[in-house]
Amino acid sequence: MSAVPVQPVSPGAASPGAASPGAEISVQVQTLDYFFGQGDLRKQVLFNINLELHRGQIVIMTGPSGSGKTTLLTLIGALRSATTGSLRVLGQELVGLGNRQLVEVRRNIGFIFQAHNLFESLTAAQNVEMAVELTGNLRQKRQRATAILENVGLGDRVDYKPAALSGGQKQRVAIARALVNQPQLILADEPTAALDKQSGRDVVTLMQQLAQEQGCTILMVTHDNRILDVADRIINLVDGRLESDTNPQQFVEAHTVKSLDHNMFVM
Amino acid sequence: MRLSWRRSRRRIPLAWYNLRHERSRLLVAIAGVAFAVLLMFMNLGFLGALINTTTNFYDQFNGDIFLVSPQSLEISSTKAFPRQRLYQAAGIEGVQRAMPLYAEYALWKNPETQISRAMFVYGFNPSDPVFLMPELNTDAARQALQQPNTTFIDRRSRPEFGPQTIGLETEADRRRITIVGQYALGGGFAADGTLIMSDQNFRRYFAPRPLTQINLGLLLLDPGTDAQRVQATLRSRLPADVNLYTKAEIVRKESQFWIQTTSIGFIFGLGVLVSFIVGTVIVYQILYTDIRDHLREYATLKAIGYSGGYLFKVVLHEAVILALLGYVPGLILALGLYALADNATAGTLPMQMTLFRVVFVLALTITMCSLSGLISVRKAVTTDPAAVFA
Ligand SMILES: Nc1ncnc2c1ncn2[C@@H]1O[C@H](COP(=O)(O)OP(=O)(O)O)[C@@H](O)[C@H]1O
Ligand SMILES: [Mg+2]
């Protein structure tokens, strides 16, 4: 077990999670457990997760590799179906939803992955347009795609294919794709892991800017301690349990006082 | 302006972009489909040509309506019927001329090897225009045929029958016979060689068979007459010991007989099936590889809100594009090979492209590719959207 300071998350307690009363709640997780596998191979990876994300918050989730961060993210993103507890995302209860309804929920969420996952056969603009087409707005798709690409600083690369773009540029196209439909929730899994320091920083700053403009909630998994300052809140997941929920100052203080736990920042 | 507005309203043709992105894979796929298309066309071409040769001698028979016994199967296994029926038919309005045709097998001795083989013999009245071959329609030909113990011989007879030189003398059914002319007709599947002689000579060789029993009756109609109407009138007037066919009907009936009694339909049908399977496997391989390479991208599409149905459409769209892109070169190659085969066999294996075949093979090709698409699509549709975060 790691020596991370334990701050049990209790709903209602004075933690950054409980922001001003009456604030809109984007994500509400209650007593969520999750298992992989069947029978003898059945293995629990998430234990009694309780979590509320408020509208407009940027929340960073950290924790050792294998602690269940990605699993939690995919559950919130309606990419897996949860069967226990309660999972309300953008006002919709996901527990018990069918595949078709989950697809609908996903359309309101922007996803950013560690790998950019762009279509190699499509240009930057076309990759973004694929997302716009989901809204049925075919007439303005090109316009909207180029506008958001300009926003992420790729105005001069709209007609380039991914093969002709750098890693940071590709990730910015992926961010443009995630943001173009102005989702109310953005889920990002280690979006800077494949990038060098400067591109990583740029990408995060960009996400922060766009989130502020559009007022959306961001939940981002990262091991990258250089970008923690963009967070309103940092939650820490260890062995499938939510271990701490702090703001960046508290987080940094806690970890500098008790000599930094290097496990936290394993890349 | 208007054009670009329209273009931008279309969905991105992801299937086409995906295929186009992998140039060499696309070329291999097109070549594979084209190959399968070519094989299908060749099998159907040979089948069609063979079926055609079973009955194409009818093209040279000068009749609008044919009378045959109901017990006849095809030209070489006819049952004779009374010549009286022809006279009855001749009295019907619209019938211009009624002509008898006699047919039997005779043993023809190859004058060089002395070996005898069965030769198919037609007998006709030389003053009747029964055959359309120009060689038989001259006064000299008619005169030569009137001489006793003479015959014309089919240039398309098998070489085993020996030389076909005019003036050559040999034996038919142990009786002296002299070749006085040649023509090109062909004997289909029934005969290795054919002779045409006058009815009077026919009577000599096949005595005691009387000329009052005929094998085939040919009716020529007045120009502009409706064959079907005359056929119906004939049917109501003639007894049931003759059947009445238009030329198209008798050709269809006899080719049907040959397809059923020989295995050509089966063999070439199998050939088409094998080509179809080969094509399906090739396209499946291509589509499978393509899906495997794009799995992450497809999972991403699902993650951002596309349904499995959309991915299904993309894969099927790729399949149909491959079908069309492969079909065109396949068709062009087939046309070339048809001409080549036609030339090489000097027209005895008539390979002709038909509209039906063009459409049929196109349908087969689209089915083939769609089938491959359906087999391989599962992988794309069931891809786990959560896998993109792995
Ligand atoms: N598809 C899966 N099937 C079975 N086990 C899985 C699967 N995905 C992840 N796991 C397991 O679940 C645990 C949590 O994984 P994950 O959520 O990816 O952790 P993290 O993102 O924090 O590194 C790990 O022990 C991992 O081995
Ligand atoms: Mg992970």
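What counts and how
- Residues numbered from 1 in each chain as written.
- Chains lettered and ligands numbered in written order.
- Predicted model: local features only at pLDDT ≥ 70, side-chain atom pairs only at ≥ 80, totals over all residues.
- Heavy atoms only, no water.
- Axes fitted to C-alpha atoms, helices over the stretch in contact; angles between N-to-C directions.
- Helix = DSSP H or I, 4+ residues; strand = E, 2+ residues; numbered from the N terminus.
- Parallel < 35°, antiparallel > 145°, perpendicular 65-115°, else oblique.
- Left-handed = near helix turned anticlockwise from the far one by under 90°.
- Contact = heavy atoms within 4.5 Å.
- Phe/Tyr/Trp six-rings, centres within 6.5 Å; stacked < 30°, edge-to-face > 60°.
- Lys NZ or Arg CZ within 6 Å of the ring centre and 35° of its normal.
- Buried area = accessible area lost by both parts, 1.4 Å probe.
- Salt bridge = Lys/Arg side-chain N within 4 Å of Asp/Glu carboxyl O.
- Nonpolar A, V, L, I, M, F, W, Y, C, P; charged D, E, K, R; others polar.
- Near = heavy atom within 4 Å.
- Polar contact = N/O pair within 3.5 Å; in protein donor to acceptor, adjacent residues only side chain to side chain.
- Expected span 1.5 Å × (residues − 1).
- Buried < 20%, exposed > 50% of the residue type's maximum accessible area, 1.4 Å probe, protein only.
- Arc of directions from axis to C-beta.
- Core = buried A, V, L, I, M, F, W, Y, C linked by side-chain atoms within 4.5 Å.

A.B. asks: Give a description of the packing of helix H3 (residues 23-55) of chain B against helix H11 (residues 355-381) of chain B that names residues and reports values.
C.D. replies: Residue and element names in this part refer to chain B. Two elements in contact, H3 and H11, have axes separated by 10 Å at closest approach and are oriented at 140 degrees. On the basis of their axis angle, the class for H3 and H11 is oblique. As for how H3 packs across H11, the hand of that crossing is right-handed. In this structure, H3 contributes Val 33, Ala 36, Val 37, Met 40, Phe 41, Leu 44, Gly 45 and Gly 48 to the contact, and H11 contributes Arg 357, Val 358, Phe 360, Val 361, Leu 364, Thr 365, Met 368 and Cys 369.

A.B. asks: Break down the packing of aromatic side chains for me, with residues and values.
C.D. replies: Taken as a whole and assessed by the stated rule, the structure comprises 22 aromatic pairs over all chains. Relative to Phe131(B), the ring of Tyr122(B) has its centre 5.7 Å away and its plane inclined at 65 degrees; by these criteria the two rings are edge-to-face. By way of ring pairs, the aromatic residues Phe57(B), Tyr58(B), Phe61(B), Phe66(B), Tyr105(B), Phe120(B), Tyr122(B), Phe124(B) and Phe131(B) are connected into one cluster. Positioned over the ring face of Tyr160(A) is Arg157(A), at 4.8 Å from the centre of the ring. Directly above the ring of Tyr205(B) sits Arg175(B), whose terminal nitrogen or CZ lies 5.5 Å from the centroid.

A.B. asks: Any chance you could break down the interface of chain A and chain B for me, citing the residues and the numbers?
C.D. replies: Listed by partner, the interface residues are 30 residues for chain A and 28 residues for chain B. Summed over both partners, the interface of chain A with chain B buries about 2800 Å², with 61% contributed by carbon and sulfur atoms. Summed over the shared surface of chain A and chain B, the number is two salt bridges. Residue assignment for the side of chain A that touches chain B shows that the elements contributing at least two residues are helix H1 (69-76), helix H2 (99-106), strand E6 (109-112) and helix H3 (124-133) of chain A. Counting residues per element, the side of chain A that touches chain B draws most heavily on H3(A), at five residues. Among the residues forming the side of chain A that touches chain B, the class breakdown is 14 nonpolar, five polar and eleven charged.

A.B. asks: Go over the site of ligand 1, please, and point to the residues and values.
C.D. replies: All names here are of chain A. Around ligand 1, the neighbouring residues are Phe 36, Lys 43, Val 45, Pro 64, Ser 65, Gly 66, Ser 67, Gly 68, Lys 69, Thr 70 and Thr 71. Take Lys 69: an N or O atom from its main chain is 2.9 Å from an oxygen atom of ligand 1. Within the contact set of ligand 1, an oxygen atom lies 2.6 Å away from a side-chain nitrogen or oxygen of Thr 70. For the shell around ligand 1, the element with the most residues is H1, which contributes three residues. In terms of residue class, the shell around ligand 1 is made up of three nonpolar, six polar and two charged.

A.B. asks: Describe helix H8 (residues 247-261) of chain B, naming the residues involved and giving the relevant values.
C.D. replies: Residues and elements named next belong to chain B. Between its terminal C-alpha atoms H8 stretches 21 Å, which fits the 21 Å expected from 15 residues at 1.5 Å a residue. Within H8, the full set of buried residues consists of Ile 250, Glu 254, Ser 255, Phe 257 and Trp 258. The arc enclosing the buried residues of H8, seen along the axis, measures out at 150 degrees, which places them on a common side. For H8, exposure combined with an orientation more than 90 degrees from the buried face picks out Arg 252 and Gln 260. Of the surrounding elements, those touching the buried residues of H8 are H3, strand E1 (65-68), strand E10 (216-221) and strand E11 (243-246).

A.B. asks: Account for the nonpolar core, with residues named and values stated.
C.D. replies: Formed by 92 residues in total, the largest nonpolar core has its most connected members in Leu149(A), Met207(A) and Leu301(B). In terms of residues, this core owes the most to one element, helix H10 (residues 308-344) of chain B, which gives 13 residues. Counting residues in hydrophobic clusters, the runner-up holds 39 residues, among them Tyr34(A), Met61(A), Ile235(A) and Phe389(B).

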